[in-house]
Amino acid sequence: MDYIKAEYLDYEIYPVIPMRGVVAFPKMVVHFDVTREKSINAIKEALKNDRKVFVVTQKDVFSEDIKKEDLYKTGVVAEIRQVLRTPDGMLRVLVEGIKKAKLVELDESDSEQKYYEAAVKEVNNNTRTKVTDVEIEALTRTVKEAFENYAELLPRMPSELVASVLCQDDPEEIFENIVFNASFQYADKQELLEQNNIAMRLTVLLSVLTKEIEILAVENEIHAQVKESINRNQRNVVLREQMRIISSQLEGEDMDEEDDYHLKISELDLEEEISSKLHKEADRLTKLPPASQESFVIRNYLDTVLELPWNKESKSKVNIKKAESILDKDHYGLKKVKERILESIAVYAMNPDVKGQIICLVGPPGVGKTSIGRSIAKALGRKYVRISLGGVRDESDIRGHRKTYVGAMPGRIINAMIQAGTKNPLILFDELDKMSNDFRGDPSAAMLEVLDGEQNKEFRDHYIELPFDLSDVMFITTANTTQTIPAPLLDRMEVIDITSYTRDEKFHIAKDHLIPKQIKQHGLKNTQMKISEDGIFKLIDSYTKEAGVRNLERNIGSLCRKTAKEIVYGNTKKIKFTSKNINEYLGVEKHISESRSDKDETGLVNGLAWTSVGGVLMPLEVLVLDGKGTTEVTGSLGDVMKESAKIAVSYSRSVADKYSIDKEFYKNKDIHIHAPEGAVPKDGPSAGVTMVTAMISALSGIKVRSDVAMTGEITLHGKVLPIGGLREKTMAAYKEGIKTVIIPAKNKPDLEEVDDVVKENIRFVLAETIEDVLDNALVKEK
């Protein structure tokens with residue numbers, strides 16, 4: 001007590017314990033930890049004397065060097081009940097408040113002072129007030145109601161405490177129970193401590209409770225909103241992430257996901273531009289929450305890019321003899337296609353770095369365009385991937401979607417490369433002519449870059465956003481027609497026309513490929529079902545009419561099923577189908593072959609026509625009647641054939657004298673030209689020579705040889721112009737037993753494509769003019 005000035009010696013003097021964030025009240029038991037040296041010394045000094053200390057709260061909890069203005073004016077004189085020393089030198093003190101006191105003086109001298117000491121004056125709480133008992137009762141009830149609301153918002157409030165407050169009637173007891181146990185701010189508690197009469201204390205307590213209720217209500221509302229925002233998707237994400245971490249721990253993975261990506265990127269040995277971008281994407285993963293949507297997008301992107309065959313390629317087998325053997329084994333005929341493929345293989349053998357060989361196979365359905373692509377890949381030893389373009393009308397199908405879109409994915413080209421697993425596969429674009437376009441873009445425009453050997457070295461998919469080299473890929477496309485393929489796209493490809501199969505080719509395909517295939521598919525043995533040669537021709541002529549062999553294969557499959565049924569029933573052990581019994585199983589003939597007349601007739605000429613299903617014999621009839629000089633054409637003839645009829649009339653007038661034709665026939669004779677099978681539309685210039693021959697025969701009365709067929713376009717001066725489809729037309733003539741076929745002289749080079757069996761059995765007449773045609777077609781008088 002030597003440190004306090006003499007003028008304050010009349011006051012009570014105690015060691016001071018400055019409190020941080022804690023306010024003590026009379027009758028209140030408080031426990032706290034003491035770490036400051038002066039406070040520890042104050043505790044020791046009090047234990048030497050009467051165990052009493054002055055407990056007062058600091059205004060600033062962070063203050064260390066305490067001065068009088070740093071402390072509140074009102075504190076509590078407390079008695080030390082228990083002191084414990086912890087291993088780290090800290091004191092744990094338990095005190096009980098005795099009386100409220102006011103700070104009068106604090107000794108702040110630093111010389112030899114080991115603890116704070118203060119002179120205090122006791123404060124009496126029994127100061128008289130003018131508040132009536134009724135007002136005190138009203139305040140008490142209001143405080144109890146407010147405390148009940150406060151307790152409802154604070155779940156951790158003990159129910160026993162709430163009950164004791166609500167059942168208590170003494171205002172002092174209610175005040176003490178609430179203040180001693182509630183978690184108020186220390187500034188609010190200090191204000192409550194400084195109030196001297198019960199009315200003011202209850203009023204301030206009500207104010208504090210009201211403020212706390214408002215704060216707690218807002219806090220609870222915020223918690224409810226946050227809890228509601230955590231929806232099921234977020235919960236699933238958290239669970240998945242937990243599962244991933246648990247799985248990685250169980251598998252003993254020592255490498256983070258990002259490090260794994262960096263390692264895979266480095267192992268690919270990519271160009272600097274590509275490698276840098278991929279490393280940046282992998283680095284972004286470390287800055288994103290694992291469960292975020294963007295991290296999923298980046299992972300999918302990196303996984304897709306790393307699956308691409310950047311540096312993987314299959315070793316192509318350059319064995320031209322083996323390739324020729326594979327092509328011949330898988331497909332009969334198709335000489336031009338096989339020759340072109342073998343040329344490509346030969347060039348590749350000479351120069352393995354050759355680029356830009358893009359072939360477009362054009363032909364009717366069912367002739368083997370798609371299957372030959374698979375055979376080419378097999379012959380070259382390359383991976384085979386087929387992309388169907390039928391019905392594609394969105395550019396994004398080819399180039400992919402940008403990864404910023406939800407559910408974005410790469411285009412069909414990149415997916416095909418991932419599927420192939422090598423950078424030099426054979427990709428077959430099937431049905432190239434079936435692509436369309438709409439407001440979403442034109443996919444054929446995107447194909448321009450893909451099918452250009454000079455541009456596809458750096459093909460950029462919208463999803464990948466990186467240049468990918470397609471120059472090592474061998475592209476083959478198929479189409480039924482070139483009419484719907486845009487000209488710039490068609491210009492990038494080498495078109496190979498695949499014509500319809502001839503009757504002889506269909507026979508060999510059925511015998512060598514289709515029948516063994518169907519027998520195997522239906523679980524039969526070669527000894528259980530046989531089809532004779534005449535039976536195969538019967539199937540081709542009477543039950544199918546097509547360019548390819550799909551319907552022929554279906555009919556063979558039908559015969560296999562009927563054979564299996566008979567064998568399972570036990571009716572027979574084997575069946576042989578011939579031209580005589582085949583209709584018992586397949587029913588009546590679906591197609592009746594064109595029948596030609598066996599005798600020479602006037603005005604009837606055998607023409608030859610090309611259709612999408614092959615060549616056909618098309619008889620043309622002309623009838624001359626008395627009339628007024630009109631010319632009638634029937635049989636669904638097109639405009640070009642009608643014009644050919646007019647040319648035939650004019651030419652007939654020009655040679656009337658030579659063939660003894662009435663020069664006035666165009667005035668007094670009606671001419672009727674008819675092509676049988678009137679329901680089938682017919683058009684084209686190749687029937688010109690047929691019309692002239694039939695008309696001159698009908699007008700002159702000279703008969704036409706029944707074993708002669710012809711084709712060719714005619715001019716007004718009688719010249720015969722070349723036509724197309726010669727191979728199919730001559731096969732139709734051979735099938736009908738025609739012995740002589742008259743063709744334009746300029747079609748002589750096309751005879752190389754005509755089947756050998758046709759050339760062996762038919763005499764070809766090369767006509768320069770219509771006179772050559774008439775000399776060989778009309779029956780000469782004896």
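Refer to the structure above for everything that follows.
Residues numbered from 1 in each chain as written. Predicted model: local features only at pLDDT ≥ 70, side-chain atom pairs only at ≥ 80, totals over all residues. Heavy atoms only, no water.

### Focus: the nonpolar core
Note the threshold: Take the buried Ala, Val, Leu, Ile, Met, Phe, Trp, Tyr and Cys residues and link them wherever side-chain atoms come within 4.5 Å; each set so joined is a nonpolar core. Buried means the residue's accessible area, taken with a 1.4 Å probe over protein chains only, is under 20% of the maximum for its type, while exposed means over 50%, and partly exposed covers the values in between.
Ranked by internal contacts, the top residues of the largest apolar core, which has 52 residues, are Phe147, Tyr150, Ile178, Phe184 and Leu205. One finds Ala282, Ile298, Leu308 and Val362 within the second-largest nonpolar core, a separate group that totals 49 residues.

### Let's talk about the packing of aromatic side chains
In plain terms, the rule: In summary, the pairing rule links any two rings of Phe, Tyr or Trp, Trp by its six-membered ring, whose centres are within 6.5 Å, and it sorts them by plane angle into stacked for under 30 degrees, edge-to-face for over 60 and tilted for everything else. Numbering of helices and strands runs from the N terminus, with a helix taken as a DSSP run of H or I at least four residues long and a strand as a DSSP run of E at least two residues long. Each ring is checked for a lysine NZ or an arginine CZ that lies within 6 Å of its centre and within 35 degrees of its normal; such an atom marks a charge sitting over the ring.
With the rule as written, the count across this model stands at 10 aromatic pairs. Relative to Phe175, the ring of Phe25 has its centre 6.4 Å away and its plane inclined at 75 degrees; by these criteria the two rings are edge-to-face. With a gap of 150 residues between them, Phe25 in the loop between β1 (12–19) and β2 (29–34) and Phe175 in helix α4 (residues 171–181) connect regions that are remote in the sequence. When sorted by exposure, Phe25 lands in the same class as Phe175, which is buried. The structure contains a cluster of three or more aromatic residues connected by ring pairs, namely Phe25, Phe175 and Phe180. The lysine or arginine in question, Arg201, covers the ring of Phe175, its NZ or CZ lying 5.3 Å from the ring centre. Looking at Arg653, its charged tip hangs above the ring of Tyr666, at a distance of 3.6 Å from the centre.

### Description of a nonpolar patch on the surface
The following threshold applies: The residues that make up patches have over 30% relative accessible area and no salt bridge, and they are joined within 9 Å when like-charged or within 5 Å when they are Val, Leu, Ile, Met, Phe, Trp or Tyr. Reported accessibility uses the Shrake-Rupley method at a 1.4 Å probe radius. Residues are deemed covered only where the shown protein chains occlude them. What counts as a salt bridge is simple: a side-chain nitrogen of Lys or Arg found within 4 Å of a carboxyl oxygen of Asp or Glu.
Taken together, the side chains of Val218, Ile222 and Val226 present a nonpolar region at the surface, about 250 Å² in accessible area. If you trace the backbone, Ile222 turns up in helix α6 (residues 198–229). When its relative accessible area of 45% is taken as the criterion, Ile222 is described as partly exposed.

### Some details on the layout of surface pockets
Any empty space left between atoms is shown by rolling a water-sized probe over those atoms. The test is simple: Grid spacing is 1 Å over the protein atoms alone, the probe is 1.4 Å, and a cavity is where that probe fits but cannot get out, while a pocket is an open set with protein on both sides within 12 Å along at least five of seven lines and lining residues have an atom within 4 Å of a point. Grid points are joined across faces, edges and corners, and a volume is the space filled by probe spheres set on the points.
Here the largest pocket defines a volume of roughly 710 Å³. Lining the largest pocket are 28 residues, with Lys335, Glu505, Arg727, Glu753 and Asp755 positioned closest to its centre. Secondary-structure elements contributing two or more residues to the lining of the largest pocket are α12 (335–350), α18 (503–521), α25 (726–735) and α26 (756–761). Per-element accounting of the lining of the largest pocket gives the leading share, 4 residues, to α12.

### Notes on empty space enclosed by the protein
Under the convention used in this document: Three residue categories are used. Nonpolar comprises Ala, Val, Leu, Ile, Met, Phe, Trp, Tyr, Cys and Pro, charged comprises Asp, Glu, Lys and Arg, and polar comprises the others, including Gly.
Counted under the stated rule, the structure contains 2 cavities of 30 Å³ or more. Considering the residues around the largest cavity, the lining is formed by Ser597, Lys599, Asp600, Glu601, Leu604, Val605, Asn606, Val704, Arg705 and Ser706. The residue inventory of the lining of the largest cavity, partitioned by class, reads 3 nonpolar, 3 polar and 4 charged.

### Observations concerning the environment of Lys52
Applied cut-off: What makes two residues a contact is simply this: any of their non-hydrogen atoms within 4.5 Å.
Tracing the chain through its elements places Lys52 in strand β3 (residues 52–57). Distance in space between the C-alpha atoms of Lys52 and Glu760 is 136 Å, their sequence separation being 708 residues. Those residues in contact with Lys52 that sit more than four places away from it in its chain are Tyr14, Pro15, Ala46, Ala78 and Ile98.

### Topic: helix α3 (residues 159–167)
Keep this limit in mind: By arc we mean the arc of the directions from the helix axis to the C-beta atoms, nothing more.
Within α3, burial applies to Leu161, Val162 and Val165. Down the axis of α3, the buried side of the element spans an arc of 100 degrees, and every buried residue falls inside it. The exposed residues of α3 that point more than 90 degrees off its buried face are Ser159, Glu160 and Cys167.

### Things to note about the side chain of Thr477
Among the secondary structure elements, Thr477 is positioned in strand β12 (residues 474–479). Look past the residues within four positions of Thr477 in its chain and what remains in contact with it is Ile359, Cys360, Leu361, Phe429, Leu432, Leu451 and Met493.

### Examining a positive patch on the surface
Using the following cut-off: A residue counts as positive if it is Lys or Arg and as negative if it is Asp or Glu; His and the chain ends are not included. Every charge is mapped onto a representative atom, which is NZ of Lys, CZ of Arg, CG of Asp or CD of Glu.
Among the surface-exposed residues, Lys44, Lys48, Arg85 and Lys114 lie close enough to one another that they form a single positively charged patch. Locating Lys114 in the fold gives a position in the loop between β5 (91–106) and β6 (117–122). Residue classification places Lys114 among the exposed positions, given a relative accessible area of 59%.

### Details of the packing of helix α11 (residues 320–330) against α12
Here is the rule we go by: Every axis corresponds to a line fitted to the C-alpha atoms, with the helix fit spanning only the stretch in contact, and the corresponding angles, defined between N-to-C directions, vary from 0 to 180 degrees. Note that the term roughly parallel is reserved for angles under 35 degrees, roughly antiparallel for angles over 145, roughly perpendicular for angles of 65 to 115, and oblique for everything else. Crossings are sorted by hand: turned counterclockwise from the far helix by less than a right angle, the near helix makes the crossing left-handed, and turned clockwise it makes it right-handed.
Remark: α11 packs on α12, axes separated minimally by 10 Å, with the N-to-C direction vectors making an angle of 155 degrees. Taken as axis vectors, α11 and α12 run roughly antiparallel relative to one another. Between α11 and α12 lies a crossing whose hand is right-handed. Along the contact surface, α11 presents Ile320, Ala323, Glu324, Leu327 and Asp328, while α12 presents Lys338, Ile341, Leu342, Ile345 and Ala346. Partitioned by chemical class, the residues of the contact of α11 with α12 number 7 nonpolar, no polar and 3 charged.

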